[in-house]
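Tertiary structure, described
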Amino acid sequence: MTEIFPHSIPNETGWIEVIAGCMFSGKTEELIRRLRRAKIAKQNVLVFKPKIDTRYSETEIVSHSDQSLPSILVTSHEEILELSKDAKVIGIDEVQFFSNEIIDVCNILANQGKRVIVAGLDQDYKGIPFEPVPQLLAIAEYITKTLAICVECGNPADRTQRKTASKERVIVGAADLYEARCRKCHYIPSEEYGE
Ligand code: ZN
């Protein structure tokens, strides 16, 4: 394994890594890359994703660039604790879809000496911090903010632009309703004007 610290093997301790960013910024791709390396190193790796996210595949995590890894669908944070006993490295994708109890779960797992890598949206479509990701960023040893490219101007983008007037915080499985935008080009769609 040539990769240097921090993404190597925990030695008598665990830790938390957070990969956070907007849609299309490569979060899942980066998560898959790290988990694959852990597998190559023959570590016991488990990957979870919340059941709400049914796009592409039920039993894999899949990035927008078509990288994939087998994953376990869970409906609650408790299942992750129950299933992770023998794992050394634990990946959680779309972590923003879990309740705030996932923060404790990540701490418990890391305290047990496991490497916990979570990926998720750090802002909703309005640019508001998306719990529990802000809290996870605060308690993590290592954080990576992934940036996309603004489809309007080509600048680095950290916001998710919704192209529909729906006020639901989450519209699952509808990637075509979103695009990456920078701070300058991002706006909150107005219901009145149906933008
Ligand atoms: Zn822009």
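Heads up: these notes are all about the structure in this document. (Residues numbered from 1 in each chain as written. Predicted model: local features only at pLDDT ≥ 70, side-chain atom pairs only at ≥ 80, totals over all residues. Heavy atoms only, no water.)

Moving on: the coordination of the zinc ion. Protein coordination at the zinc ion comes from Cys-150 (SG), Cys-153 (SG), Cys-182 (SG) and Cys-185 (SG), with a distance range of 2.3 to 2.4 Å. Taken in chain order, the donor set of the zinc ion reads C-x2-C-x28-C-x2-C. Here Cys-182 lies in the segment after strand S12 (178-181) and Cys-150 lies in the loop between strand S9 (148-149) and strand S10 (156-157), a separation of 32 residues in the sequence. Comparing Cys-150 with Cys-182 shows no difference in burial state: the two are buried. (Donors = N, O, S within 2.8 Å, 3.2 Å for Na, K, Ca; no water. Helix = DSSP H or I, 4+ residues; strand = E, 2+ residues; numbered from the N terminus. Buried < 20%, exposed > 50% of the residue type's maximum accessible area, 1.4 Å probe, protein only.)

Take the sheet that holds strand S2 (residues 45-50) next. Spatially, 6 strands are ordered S5-S2-S6-S7-S1-S8 in an open sheet, and the strand pairing comes out parallel. What marks the edges here is a single partner per strand, and that holds for strand S5 (72-74) and strand S8 (142-146). The sheet shows a mean angle of 20 degrees between the axes of neighbouring strands, direction not considered. Where strand S6 (residues 89-92) and strand S7 (residues 115-121) come together, 4 bridges link them in parallel fashion. (Pairing = 2+ DSSP bridges. Axes fitted to C-alpha atoms, helices over the stretch in contact; angles between N-to-C directions.)

That's the geometry; what it means functionally is another story.
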